[in-house]
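# Survey of secondary and tertiary structure
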Amino acid sequence: MRLVTILFILLSGLLFAQDETYEFVNTGCNETFMGMSRISDDYIAISGEEISIYNKYGFEISKLYCDTSLPLEIFPSDNGGLVVAGTQEIYWYNMNLELDSLCPINLTFPFQRAIGIKNGIINYFVFRNLEMVKYQYDFNGNILKYDSLVISQKISRGDKRRVVSDKHGNVLLGISKKAWYLFNPDFQLIAKDESATDLIDISVLDDESFILLKKHNLSVLNSNGDQVSDIVPQKTFNQIVSFDCYNDKIALCGIIDSVSYVGVIDVNGDGEFYKKRAIYTDLYFDEFIYGYAFNNSNEYILKTDQKGYSKFIQLEPISEELYPGDSLYIKWDTNIENRMVKVFFIDEDGNEHPIAKNINIADKSVKWVLPDDIEVNNTLYIELEDNPLKFDYHFFDISYYKNVNYINANEIKMWVGNNGMGSRNPLNNADGFFWPESEVQDNGSHSVIFADGPLIGYKTNDFIKLQGSTYNCGFVPGNIDSNGVPTNKDYKKFGIYKAFGNHNILTEEKDKTDAEYAQKFWPIDQGAPWKDLNDNGIYEPEIDEPDIPGKQLLFWVNNTADSLTSNSFYGSPPDNLEIHNYVFDIDEPELKDVVFKRYKIINKTESMLEDAYFGYWSDPGIGNSDDDYCGCDSSLGMMYSFNGDNDDYSYGENPPAVGYQLVQGPILTSNGGNAIVNGVEKPGYENLPLTSAIMIFKSYPPFMDADMGGPYSSTLHMYNFMQGLQSDGAEIINPLTGAVTTFPFNGDPETKTGWYNGHPTYSIYKRPADSRMQFASGPFTMEPGDTQDVVIAIMMARGENNLNSVTKLKELAATVKSYYENNSTFVEEQKAVPQPEPPMGFSLYQNYPNPFNPKTTIEFDLPEAGNVRIAIYDILGREVQNVVKRGLNYGKHYFNFNASGLASGVYFYRLEAGSFTKIKKMVLVK
């Protein structure tokens, strides 16, 4: 039965692809919670243990994660988005598959449940032995109605259950092969059949009539539960899997002679016969060319060589050969320009016959009708004609693709992954940062860090999101194209490239191979820095070379647009953020024992990122991970970890300390001052310093770990840490001074001054333990298209004892800071984006439209960067809403106000920015 379910998923996507007018909603499959829901005219969602999003061509384009521990139920949302029923929450996603809201269901999750959602009402059934408990919730999780009903049969976990509603609010519950129950809008039982052993599935037609599928026939019920007619398909299946209704059509999926079919009939049982839809794999190639062709009985797919990288892409039928008059539709998506496409077939004698040629690849898709002279046994080809550029990815050697790699420079060996993984050893899934490298074996000796990674926290429309990597990795390889579409994460072009500053003197064979590969395939199209030595704008491996600041440079690109990885990180929905990653050393004696990480973050969403923070998280473990302390030094922009005693099983006496320093913070526009960007002063900007550093102690509040694996509450937990707050959002109080701080444990452990980890009068964290740490810098704002360029340093130091190692670490951090501020060798100079002149003063404009219903825009000017507060008041002066926006740059800003929950009348809006205050009136008319 599992196979049938999988077949149904793929087949349904293909049926949807064939006719764009087909509308599928909420289709279930046998013995599972699987369902299908239309998101928009171009996309459908199909659920199982995860949710897959398909486009209208039947290709899976992404996945949506909510709770993978159970199969997920999905429903169409009133706003055209998607509703997902999880364990104890119901998730509302808009048409962009961004999480809009959560609705808590205050019940321990039962496997024996059924859910239906319509017109703002959640109908929720729970089965307990011979009792059915009925709940109605609103979208805020409030119980509207509650009742119970004695039933005749016990409902098991494997029974297929479905709930549908008509436009009047009547609710039909169907339990396959057992019973159906019909309730009125007040949840009172109207009709039932508790011996419906032939019931397979239920649906609702035209929002008016209920449909029961019983073996081979469909029965129509009215709103009183009376059977008014039967629908008998002209032809039938050996076995029907599921069905659904849309407009005046009924779609069915089933099996005939062990072959899967999908059919469409009208309400009279007439219409097109069940069409065979052959199953094929979603194929992608080096330039993302894919396609299909079909007539009334055949499916075709594009086919390459075994590696998927071939100049000739062959179109072959799955079952039968091509016939004259068959239509052929081929679609592609590529950023390579100046290419032409031609289509031809080769006869049995090897002669080439053109069908179409000189088609510009910018056309994106072409449809042909096969010529009359094509033979059944001919092979059809589509070819990309010669590329005028010197390099072509057809010659790309995927055999050396690496999704993990390491830097081994300045006595540090550090692993990284193109999915965001940091300091994690893929050879044994353990510690992945070692020092000193000359003494290290990959067996864990002299290991320092168990895992680490970047964090990006922000708000979009006041909804908090978090992207990044800690123990879970929230990134996927690849960039986001100019249309906002993520590239194929499995494409081997998006590996980690490792270049060397002087590859001519390399002695290790592995290093030579790394260097040769990087030199030949250096990904300048992804943004990798390079030296154009002949100044012709074309990367030529025989002449040009990667631009490397020290001995080694690792480069790769990833993004946060994959719903599965993003939601499984800390429960946030995905966003189109693209990150260019650089790992490198500086070949200077004073920077021995230091490596650098640079993150170039590009906002490729269509939304402003507000109250944004860049952060970095680490789980250090110096030798023995159970005897460490953590601390910070806000003046140096650093967090660090050191051994709790002066003897470590791996390092012995005088164990070292490890530190993370914010070398180049995010930048803000400013009316005065200069920012340092890659060692170069930028007038009119300022670098944000480190603004918080939190030490995390497993399950000990208020600095405990956030839960992994998807709960959205973990996003809020980690975002609180980024703001320098406790996990629950409370302020942090220094126990020694009573003052509020965002830098706990900022004292000096060697001189025993201030509040430090291990302080004798602070009882909770006296003893060393397995700890984590996290720092952040913010807030700042990123408009669509904006870029932030952040650099951190990871460094090691060893002193005369475990505490003196911290002092030596701080001395090294001061050297790194001074070097950075006086040198411009950090990869390449970045040009700041030109900014408009700041407004002459503060301004608050009249909202528009005005009067409005229910949405309006409030516009204001800021002559300087800062925080603002916008408050809305009714005619009696009562505050009905307020929003605080932090870290706004100077310039013009907009606030979109939605008054859908307010009554008609006069309202006032007030802007507070620094000492500026202004109030204006607006009118809501409904």
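Basis of the calculations
- Residues numbered from 1 in each chain as written.
- Predicted model: local features only at pLDDT ≥ 70, side-chain atom pairs only at ≥ 80, totals over all residues.
- Heavy atoms only, no water.
- Helix = DSSP H or I, 4+ residues; strand = E, 2+ residues; numbered from the N terminus.
- Buried < 20%, exposed > 50% of the residue type's maximum accessible area, 1.4 Å probe, protein only.
- Contact = heavy atoms within 4.5 Å.
- Pairing = 2+ DSSP bridges.
- Axes fitted to C-alpha atoms, helices over the stretch in contact; angles between N-to-C directions.
- 1 Å grid on protein atoms, 1.4 Å probe; cavity = no way out; pocket = protein on both sides within 12 Å on 5 of 7 lines; lining within 4 Å.
- Points joined across faces, edges and corners; volume = space filled by probe spheres on them.
- Expected span 1.5 Å × (residues − 1).
- Polar contact = N/O pair within 3.5 Å; in protein donor to acceptor, adjacent residues only side chain to side chain.
- Core = buried A, V, L, I, M, F, W, Y, C linked by side-chain atoms within 4.5 Å.
- Salt bridge = Lys/Arg side-chain N within 4 Å of Asp/Glu carboxyl O.
- Phe/Tyr/Trp six-rings, centres within 6.5 Å; stacked < 30°, edge-to-face > 60°.

The next subject is the overall build of the protein chain. The number of helices and strands found in the protein chain is 5 helices and 66 strands. When burial is assessed residue by residue, the protein chain has 57% of its 926 residues classed as buried. When contacts within the protein chain are restricted to residue pairs at least 6 apart in sequence, long-range pairs at least 24 apart make up 59% of them.

Once that is clear, we can look at the pairing of strand E66 (residues 916-924). Direction of pairing for strand E65 (residues 905-913) relative to E66: antiparallel, over a ladder of 9 bridges. The partner of Ala-913 across the bridge, within E66, is Phe-916. Between E65 and E66, which pair antiparallel and follow one another directly, the connecting turn spans 2 residues, one of which, Gly-914, has a positive phi of 65°.

Moving on to the sheet that holds strand E61 (residues 855-862). Each strand in a sheet pairs with its neighbour through backbone hydrogen bonds, running either in the same direction (parallel) or in the opposite one (antiparallel). Strand order in the open sheet formed by 3 strands is E60-E61-E64, with antiparallel pairing between adjacent strands. The outermost strands of the open sheet, each flanked by one partner alone, are strand E60 (843-844) and strand E64 (891-898). Summarising the sheet, E60 and E61 pair through 2 bridges and their orientation is antiparallel. Pairing of Ser-843 across the sheet is with Asp-861, part of E61.

Taken together, 4 strands build an open sheet; the order of strands is E17-E18-E19-E20 and the sheet is antiparallel. Whereas interior strands pair on both sides, the edge strands pair on one side only; in this sheet they are strand E17 (199-205) and strand E20 (227-231). With direction set aside, neighbouring strand axes in the sheet form an average angle of 25°. Looking at chain direction, E17 and strand E18 (residues 209-214) are connected through 6 bridges and run antiparallel. Bridging across to E18, Ser-203 finds its partner in Ile-211.

So, about empty space enclosed by the protein. Under the criterion given, the structure shown has 11 cavities of 30 Å³ or more. Approximately 90 Å³ is the volume found for the second largest cavity. For the second largest cavity, the lining is made up of 14 residues, of which Gly-420, Trp-556, Asn-581, Lys-597 and Tyr-599 are closest to its centre. Every element with two or more residues in the lining of the second largest cavity is listed here: strand E34 (412-417), strand E45 (577-584) and strand E46 (594-603).

Between its first and last C-alpha, helix H5 (residues 802-821) extends 29 Å over 20 residues, near the 28 Å set by a 1.5 Å rise per residue. Within the span of H5, buried status applies to Asn-802, Leu-803, Asn-804, Ser-805, Val-806, Leu-809, Lys-810, Leu-812, Ala-813, Val-816, Tyr-819 and Tyr-820. For H5, the N-terminal capping position is held by Asn-801, with its side-chain oxygen 2.9 Å away from the main-chain nitrogen of Leu-803.

Right, let's talk about the side chain of Lys-493 for a bit. On the secondary structure map, Lys-493 appears in the loop between strand E40 (476-477) and strand E41 (497-500). At 2.4 Å, the side chain of Lys-493 forms a polar contact with the side chain of Asp-525.

Looking now at the nonpolar core. If you look at the biggest cluster of nonpolar residues, it comprises 81 residues, and the most contacted ones within it are Met-414, Val-448, Tyr-660, Phe-775 and Ile-794. Discounting chain neighbours no more than four positions away, the residues touching Phe-775 are Phe-614, Gly-615, Tyr-616, Gly-637, Met-639, Tyr-660, Gln-661, Leu-662, Leu-690, Ser-692, Ala-693 and Ile-792. Counting 37 residues, the second largest nonpolar core, distinct from the first, contains Ala-518, Ala-528, Tyr-640 and Ala-657.

Under the counting rule described, the total for this entry stands at 31 salt bridges. Between Asp-201 and Arg-162 there is a salt bridge whose closest N-O contact spans 3.4 Å. Within this pair, whereas Asp-201 is found in strand E17, its partner Arg-162 is found in strand E13 (residues 161-165), the two being separated by 39 residues in sequence. When sorted by exposure, Asp-201 lands in the same class as Arg-162, which is buried. A salt bridge links Arg-878 to Asp-874, with the nearest nitrogen and oxygen atoms 2.7 Å apart. Three or more residues are tied together by salt bridges with common partners; here these are Arg-869, Glu-879, Arg-910 and Glu-912.

Applying the stated rule across the entire model yields 29 aromatic pairs. Judged by centre distance (6.3 Å) and plane angle (50°), the rings of Trp-522 and Phe-555 are tilted. Placement of Trp-522 in the loop between helix H2 (509-521) and strand E42 (530-531) and of Phe-555 in strand E44 (residues 552-559) is noted, with a sequence separation of 33 residues between them. Taken individually, Trp-522 and Phe-555 each receive the classification buried, so the pair is uniform in this respect. For the pair Tyr-629 and Phe-642, a centre-to-centre distance of 5.6 Å together with 45° between the ring planes defines the contact as tilted. With Tyr-629 in strand E48 (residues 628-633) and Phe-642 in strand E49 (residues 638-643), this pair connects stretches of sequence that are 13 residues apart. Note on Tyr-629: relative accessible area 9%, which makes it buried.

Our next topic: the side chain of Lys-465. Turning to its location among the elements, Lys-465 is positioned in strand E39 (residues 463-468). Here Lys-465 falls in the buried class, since its relative accessible area comes to 1%. A polar side-chain atom of Lys-465 sits 3.1 Å from a polar atom in the side chain of Asp-575. If near-sequence neighbours (up to four positions away) are discounted, Lys-465 is found in contact with Glu-98, Ile-456, Gly-457, Tyr-458, Thr-460, Ser-572, Pro-573, Pro-574, Asp-575 and Thr-715.

For the peptide bond that leads from Gly-778 to Pro-779, omega is 0°, which places it in the cis range. Position of Pro-779 relative to the elements: it lies in strand E58 (residues 772-782). Put simply, Asn-850 and Pro-851 share a cis peptide bond, and its omega is 0°. Turning to its location among the elements, Pro-851 is positioned in the loop between E60 and E61. Although it is not a glycine, Ser-423 adopts a positive phi angle of roughly 55°. Relative to the helices and strands, Ser-423 is located in the loop between E34 and strand E35 (424-425). At Asp-593, a position not held by glycine, the phi torsion is positive, near 75°. In this structure Asp-593 comes out as buried when scored by relative accessible area, which is 12%.

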